[in-house]
Number of protein chains: 2
Amino acid sequence: MPSLEFLRREPDIRAFSEGETIFKAGETGDCMYAIVEGAVNIKIDGAVVERLTAGGVFGEMALIDSSPRSATAVAASDCTLAAVNEKRFLRLVELTPNFALQMMRVITQRLRRSSHH
Amino acid sequence: MPSLEFLRREPDIRAFSEGETIFKAGETGDCMYAIVEGAVNIKIDGAVVERLTAGGVFGEMALIDSSPRSATAVAASDCTLAAVNEKRFLRLVELTPNFALQMMRVITQRLRRSSHH
């Protein structure tokens, strides 16, 4: 997993309880999340397709192409997430080329896994 | 398709004849391509999963995560391609945040299509 640890220091930190839905497939998304503590399950059609832990990011697709959420995210444990909205995301891409590269790696790795199903 | 038209002005332009293989799945990849003229078929296990025309890009995954080519690319017509190697790719991400965003959109769109198969 690429290191996106610095996202833990983002100012918008949100807490979710185990089992709580963070967002649902089909919803409009206005932010991505980085996991500061805990674990999150990504589900498509009810099946867990990815389990993410501290340092992992999710929800970036809705920011990148302004489409509805492609999956549902559920807190797999009590967790703390850093939320990054579109404005901040664009700023990070502009200021931190390494952030852009790491986001590309995250999405590419998901695409490779998805293509092998 | 996001506009990556400016890639047509890259200096490393390569010509392929209809039916010619540009790269094969499993090979090591050292560049991505933007189509200047013509069309390219992207194949996985012999099936065409995407047909790209002028302005389209492919082969970026191997640059982003240094993994082998995930698919085979074949010239669907006589075509002219702009090749972008890793050094130039990293430079474009650094100098042109919009390039990074557009590459993220390309990969995200592929992932959305792939997830819906």
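Residue numbers here run from 1 along each chain, matching the order of that chain's written sequence. Lettering of chains starts at A and numbering of ligands starts at 1, both following the order in which they are written. Thresholds applied to this predicted model are a pLDDT of at least 70 for local features of residues and 80 or more for the giving and counting of side-chain atom pairs; totals over whole chains, interfaces and linings are not thresholded and use all residues. Water and hydrogen atoms play no part in the side-chain values, which are based on all heavy atoms of the structure.

1. A closer look at the relation of the copies chain A and chain B
Which entries qualify depends on this criterion: Here the copies were fitted onto each other by least squares, based on C-alpha atoms from residues at pLDDT of at least 70 in both. Contacts are residue-level and defined by heavy atoms, with any inter-residue pair within 4.5 Å sufficient.
Of the two same-sequence chains, chain A is brought onto chain B (RMSD 0.0 Å, axial shift 0.0 Å) by a rotation of 180 degrees. The operation mapping one copy onto its partner corresponds to a two-fold rotation axis. When C-alpha distances to the rotation axis are compared across chain A, the minimum falls at Leu111 of chain A, with a value of 2.5 Å. Mapped onto chain B, 100% of the interface residues of chain A again fall at the interface, so both copies present the same surface.

2. Considering the sheet that holds strand β1 (residues 13-16) of chain A
Through backbone hydrogen bonds, the strands of a sheet pair up, either in parallel or in antiparallel fashion. Residue and element names in this part refer to chain A. Formally: Strand pairing is assigned whenever DSSP identifies at least 2 bridges connecting the two strands. Under the DSSP-based scheme used, a helix requires at least four consecutive residues in state H or I and a strand at least two consecutive residues in state E, with every element numbered from the N terminus. Orientation is described by axes fitted as lines to C-alpha atoms, over the contacting stretch for helices, and by angles from 0 to 180 degrees between their N-to-C directions.
Spatial ordering of the open sheet is given by β1-β8-β3-β6, a layout of four strands whose pairing is antiparallel. Only two strands of the sheet have a single neighbouring strand rather than two, namely β1 and β6 (57-58). As paired elements, strand β3 (residues 31-37) and strand β8 (residues 79-85) share six bridges and run antiparallel to each other. Note that in β8 the partner of Glu37 across the bridge is Thr80. In the packing of helix α2 (residues 86-95) onto the sheet, contacts are made with β3 and β8, and the angle to β8 comes to roughly 75 degrees.

3. Quick look at the sheet that holds strand β7 (residues 72-75) of chain A
Residues and elements named next belong to chain A. Spatial strand order, β2-β7-β4-β5: four strands in an open sheet with antiparallel pairing. In this open sheet, the two edge strands, each paired with only one partner strand, are β2 (21-23) and β5 (47-52). Mean inter-strand twist for the sheet, computed between neighbouring axes without regard to direction, equals 30 degrees. Relative to β7, β2 runs antiparallel, the two sharing two bridges.

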